[in-house]
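# Residue-level structural notes
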Amino acid sequence: MDTGSAKQLISIVVPCYDEEDAIAETIRQLTRLCDGQPSYDFELIFVDDGSKDATLQLLREAAGRDPRIKLLSFARNFGHQIAVTAGIDAASGDAVVLIDADLQDPPQTIVEMIVKWREGYDVVYGTRTLRPGESRFKLFTARGFYRVLNGLSEVPIPLDTGDFRLIGRNVVDVLKSMPERDRFVRGMVSWVGFKQTSLPYERARRIAGTSKYPLRKMIRFASDGILSFSAKPLRFATSIGLATAVLALLGILYVLALRLTTSIWVEGWTAIMIALLFLGGVQLVCLGILGEYVGRIYSEVKKRPLYVVRERIGFDDVSINTTVLKRRVIAAE
Ligand code: UDP
Ligand code: MG
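Residues numbered from 1 in each chain as written. Chains lettered and ligands numbered in written order. Predicted model: local features only at pLDDT ≥ 70, side-chain atom pairs only at ≥ 80, totals over all residues. Heavy atoms only, no water.

### Some remarks on the nonpolar core
Quick note on the threshold: To form a nonpolar core, buried Ala, Val, Leu, Ile, Met, Phe, Trp, Tyr and Cys residues must be joined to one another through side-chain atoms within 4.5 Å. Burial classification: accessible surface area is computed with a 1.4 Å probe over protein chains only, and a residue below 20% of its type maximum counts as buried, one above 50% as exposed, and the rest as partly exposed. Put simply, DSSP marks the helices as runs of H or I at least four residues long and the strands as runs of E at least two long, and each gets a number from the N terminus on. It only takes one pair of heavy atoms within 4.5 Å for two residues to be counted as in contact.
Core analysis: the largest hydrophobic core is formed by 40 residues, its most contacted members being F74, I88, L98, F145, I167 and L175. Top contributing element to this core by residue count: helix α3 (residues 80-90), with six residues. Excluding residues within four positions of it along the chain, I167 makes contact with A95, V96, L98, D122, V123, V172, L175 and V189. Grouped together as the second largest cluster of nonpolar side chains are 33 residues, F42, A63, I110 and V111 included.

### Section: the site of ligand 1
Threshold: Throughout, near means a residue has at least one heavy atom within 4 Å of the molecule or strand. Here a polar contact means two N or O atoms within 3.5 Å. Within protein one must be a hydrogen donor candidate and the other an acceptor candidate, and residues neighboring in sequence count only if both atoms are side-chain atoms. Surface exposure here means Shrake-Rupley accessible area, sampled with a 1.4 Å probe, where a residue is shielded only by the protein chains that are shown. Note on residue classes: Ala, Val, Leu, Ile, Met, Phe, Trp, Tyr, Cys and Pro are nonpolar, Asp, Glu, Lys and Arg are charged, and everything else, Gly too, is polar.
Among the 19 residues in the neighbourhood of ligand 1, the closest are listed as E19, D49, D102, S211 and K212. In this structure, Q104 approaches ligand 1 through a side-chain N or O atom, which is 2.7 Å from an oxygen atom. At 2.8 Å, a side-chain N or O of K138 approaches an oxygen atom of ligand 1. When ligand 1 is considered free in solution it has 530 Å² of accessible area, and contact with the protein chains removes 96% of it. For the shell around ligand 1, the per-class residue count stands at five nonpolar, five polar and nine charged.

### What to know about the coordination of the magnesium ion (ligand 2)
Operational definition: Any nitrogen, oxygen or sulfur atom within 2.8 Å of a metal ion counts as a donor, with the limit raised to 3.2 Å for Na, K and Ca, and since water is left out, coordination shells can look unfinished.
Within the first shell, the magnesium ion (ligand 2) binds the protein through D102 (OD) and Q104 (OE1), at distances of 2.0 Å. Its relative accessible area of 10% is what places Q104 among the buried residues.

### Details of the confidence of the model for the chain
Test applied: A residue's pLDDT is the predictor's confidence in that residue, given on a scale from 0 to 100.
Per-residue pLDDT for the chain averages 85, and the proportion of residues at 70 or more is 92%. When pLDDT is averaged over each element of the chain, strand β4 (residues 95-98) comes out on top at 97 and helix α11 (residues 317-332) at the bottom at 48. Here residues 328-333 scores under 50 on pLDDT; set against residues more than four positions off or in separate chains, the count is five contacts.

Have a look at this one:
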């Protein structure tokens, strides 16, 4: 942490996808929060993730009004985790705060995060104690997901914790050197280490608009979390393969015994069908698991850039170019 006399800079990163109904209020509350903390400098980095509504226009206008507001706009929708990554790449603060654009995470909590950070923690992550306004299905799947993930993952990933957090510069620099494509940002932050602590908070309802995480994106997000942080599904495939091999061996012995000792060996069509279907099913499951990993390796080796930026407002271009260059150099190693 920089202890010089100049004010420390806090970057607040906000990913936005079709948030036209919420964004004006979010900007208002975040700028008010910054105004209330005169002992820090702030930059608000809005990442427009290829919105198809008026979000981009509203952000452009806001950036024109307030020099603290910076805008990064993607050429298409790349997804929440990539948008967060782009914001982290572009941030120049001593600490970076990640917050959603729908005010489900109360901005006032950021003040408490900053206090903890000043106490010496490198990462302060918000843990949700209450989640009003979410469907039962979402609550149930989210609860299950964090527990399964934690059971499988090789690094402990805090339960009931989203991306709402403050990340110190030292951790940000490590994150920027992690070039992986299937990004599960909260897991990556846990992986880095340093001093991390949790801050309990009550999650609010979305102020406007609807969730931008349909079931399809939730499944993709959950499998990224599990497959990027665990090789246990592969081991599971091996175990289930071994178990069926043992069963098959017993079956073979049984069939041979029948063949040698009785004369009713032609019957048994049911047993054959069961064995056939069972083995076929197990093989497909294992192939599927393998395929998931191979597919991810394929997308890694293509080494495409992680995101395409269409427009930048308010950034000092030199710093952005170095970031992009750094990413390319890392990718080329
Ligand atoms: N988001 C994004 N790209 C996407 C989907 C979502 O940038 O493809 C943003 C969205 O605008 C919001 C945040 O990610 O700021 C979280 O999304 P949302 O609130 O819809 O998710 P939920 O809270 O329902 O899980
Ligand atoms: Mg939300």
